[in-house]
Amino acid sequence: WKANGAPLTGVTGSKLQLTAAHVGKKITVTQTATRGGKTFEANSTATAAVTPPQAVSSVRASAGGVRYGVAPRVAVSLSPAAASGRVDVFRGGSRLGSANAVGGRATVVLGRTALPVGTHTLSVRYAGNSATLPSSGSVRVSVAKASSGLRAKVSPRRVVRRKTKAK
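Computed from a predicted model, the values in this text were never measured in an experiment. (Residues numbered from 1 in each chain as written. Predicted model: local features only at pLDDT ≥ 70, side-chain atom pairs only at ≥ 80, totals over all residues. Heavy atoms only, no water.)

## As for unusual backbone geometry
- A cis amide bond links S79 to the next residue, P80, at an omega of 5°.
- In the Ramachandran plot, N4 falls in the positive-phi region, its phi being about 55° despite a non-glycine side chain.
- Summarising the element assignment, N4 is placed in the loop between β1 (2-3) and β2 (6-7).
- By relative accessible area, N4 is classed as exposed at 51%. (Helix = DSSP H or I, 4+ residues; strand = E, 2+ residues; numbered from the N terminus. Buried < 20%, exposed > 50% of the residue type's maximum accessible area, 1.4 Å probe, protein only.)

Structure below.
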C-alpha cells in the first residue's frame, strides 16, 4: 500500500483501514503474484484524495400553536452543534419554507396562510454539508381559527324623528 506514492510501512493484506493520517492523500496498492518461479506485479490507479468521514446528524424541531393569519415559526436544532446548511420544512411534497442553519440552529418562518386551520405534521429536512450527513425529522403545528371582532358606531348619537337618520 502507498499514500501519495510513499510506501506505508507494516501494512500488508488485501484491505487497508483508513485513518486520519490518510486524509488528503491518494492511495494505491501493488499486488504481487508468483507462479513457476516468475513474479508478477499489478499496480492500481490512485484513488481520489481521501476525505474525512461525514458526521451523522439529527434534527429536532418545535413549533408553538398559532392563529390562522399569523406566520408559524419552526425552531430547528441540529446535532452536531456545529452543523450548518439549509433546512427545509415540507407539508407533503410542498416546501413551505427554508432557512440557513448556523451553529446547529435555524428558525424557519412559514407563510401566514401556508397552513389551514387544524393540526399538521410537517417534515423538517436538513440537507447536510461536506462535513455532516443529511437528516430529517418532524414537527406538529396547530393552527387555530383567527379571532374576529366587530365594531360599530352610530351617527348621529341622537336620532330625531323627521330631522335626522341613523347611519
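Back to the write-up after that little detour.
## Digging into the sheet that holds strand β6 (residues 58-62)
- An order of β6-β8-β11 is seen for the three strands of this open sheet, with the pairing classed as antiparallel. Edge positions in the sheet fall to β6 and β11 (105-109), since each has one partner strand and no second. With direction set aside, neighbouring strand axes in the sheet form an average angle of 25°.
- As defined by bridge partners, β6 adjoins strand β8 (residues 73-79) across five bridges and the pair is classed as antiparallel. By the bridge assignment, S58 is partnered in β8 with S79. (Pairing = 2+ DSSP bridges. Axes fitted to C-alpha atoms, helices over the stretch in contact; angles between N-to-C directions.)

## Topic: the nonpolar core
- Ranked by size, the top nonpolar core spans 20 residues in total, and within it V74, V76, L78, V87, V108 and V124 carry the most contacts.
- Mapped by element, the contributors of at least two residues to this core are β8, β9 (85-91), β10 (94-101), β11, β12 (118-126) and β13 (135-144).
- Here V124 is in contact with V59, A61, V74, V76, V87, D88, V89, S135, S136, G137, S138 and V139, once residues within four sequence places are set aside. (Core = buried A, V, L, I, M, F, W, Y, C linked by side-chain atoms within 4.5 Å. Contact = heavy atoms within 4.5 Å.)

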